[in-house]
Amino acid sequence: MLERDAGRPASAHGYGLADGDGTITLITDLPYGPEAAEVARGAVALALHGTETDMLDDARLIGSELATNAFVSGSPPLVLCVDRRSLASGGLEIEITVTDGGCSRPVPASPTAPSEQAESGRGLIIVDALADAWSLTTGTNGSRAWCRLTHRPRSSSASA
């Protein structure tokens, strides 16, 4: 089942699409406005319910930054996709994607640091610091920001 609802993530019961490979996907429309970041944080938290706090915090922050970037630099519609994949090793892989209707301004090849006094401009720098991999593709007909976070279980010396 794939649920989409403008500005509201799917309910905690039966959200997303479960694949045979252990992947759960949540897709939701984001409002085109400053509230996109808050809605993205809530949707990421819903999709990653039960995930370790540190990874959840990083994923919520990344989702918020990607949504804000899409609102500030792009055009409607804004769509968030969160894929949660269980790895055979017992780890977890999370992919967060935000797409928008496109932008007319070129995007720099790599994020540049804003001045210390700047109130904005740190979003992609944060994504770069927290994500294992990420990319940004922009165009006049659509833009896509994507990242991956991977959590590998720590080995335990305790026996069962």
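A quick note: this is a predicted structure, and the numbers were derived from the prediction, not measured. (Residues numbered from 1 in each chain as written. Predicted model: local features only at pLDDT ≥ 70, side-chain atom pairs only at ≥ 80, totals over all residues. Heavy atoms only, no water.)

With respect to the pattern of salt bridges
For the structure shown, the criterion picks out four salt bridges. Linking R148 and E93 is a salt bridge whose minimum nitrogen-to-oxygen distance equals 3.6 Å. Here the residue R148 occupies a position in strand β6 (residues 143-151), and E93 occupies one in strand β4 (residues 92-100), the gap between them amounting to 55 residues. Judged by relative accessible area, which is 15%, E93 ranks as buried. Between R148 and E95 there is a salt bridge; the shortest N-O distance is 3.5 Å. With R148 in strand β6 and E95 in strand β4, this residue pair connects regions lying 53 residues apart in the sequence. Relative accessible area serves as the criterion here: at 14%, E95 is assigned to the buried category. Bridged by salt links that share partners, the residues R85, E93, E95 and R148 form one connected network. (Salt bridge = Lys/Arg side-chain N within 4 Å of Asp/Glu carboxyl O. Helix = DSSP H or I, 4+ residues; strand = E, 2+ residues; numbered from the N terminus. Buried < 20%, exposed > 50% of the residue type's maximum accessible area, 1.4 Å probe, protein only.)

Thoughts on the confidence of the model for the chain
The predicted coordinates of low-pLDDT regions are not to be read in fine detail. Taken as a whole, the chain shows an average pLDDT of 80; of its residues, 72% reach a score of 70 or greater. Here residues 1-15 is modelled with pLDDT under 50, and outside its nearest four sequence neighbours on either side it reaches 37 contacts, counting other chains as well. (pLDDT = per-residue confidence, 0-100. Contact = heavy atoms within 4.5 Å.)

What to know about the packing of helix α2 (residues 53-73) against helix α3 (residues 123-130)
Contact pair α2 / α3: the axes reach a minimum separation of 9 Å and the direction vectors enclose 150°. Considering how the two elements wind past one another, α2 and α3 form a crossing that is left-handed. Contacts between α2 and α3 involve D58, L61, I62, E65, L66 and N69 from the former and G123, L124, I126, V127 and L130 from the latter. Classifying every residue of the contact of α2 with α3 by side-chain character gives seven nonpolar, two polar and two charged. (Axes fitted to C-alpha atoms, helices over the stretch in contact; angles between N-to-C directions. Left-handed = near helix turned anticlockwise from the far one by under 90°. Nonpolar A, V, L, I, M, F, W, Y, C, P; charged D, E, K, R; others polar.)

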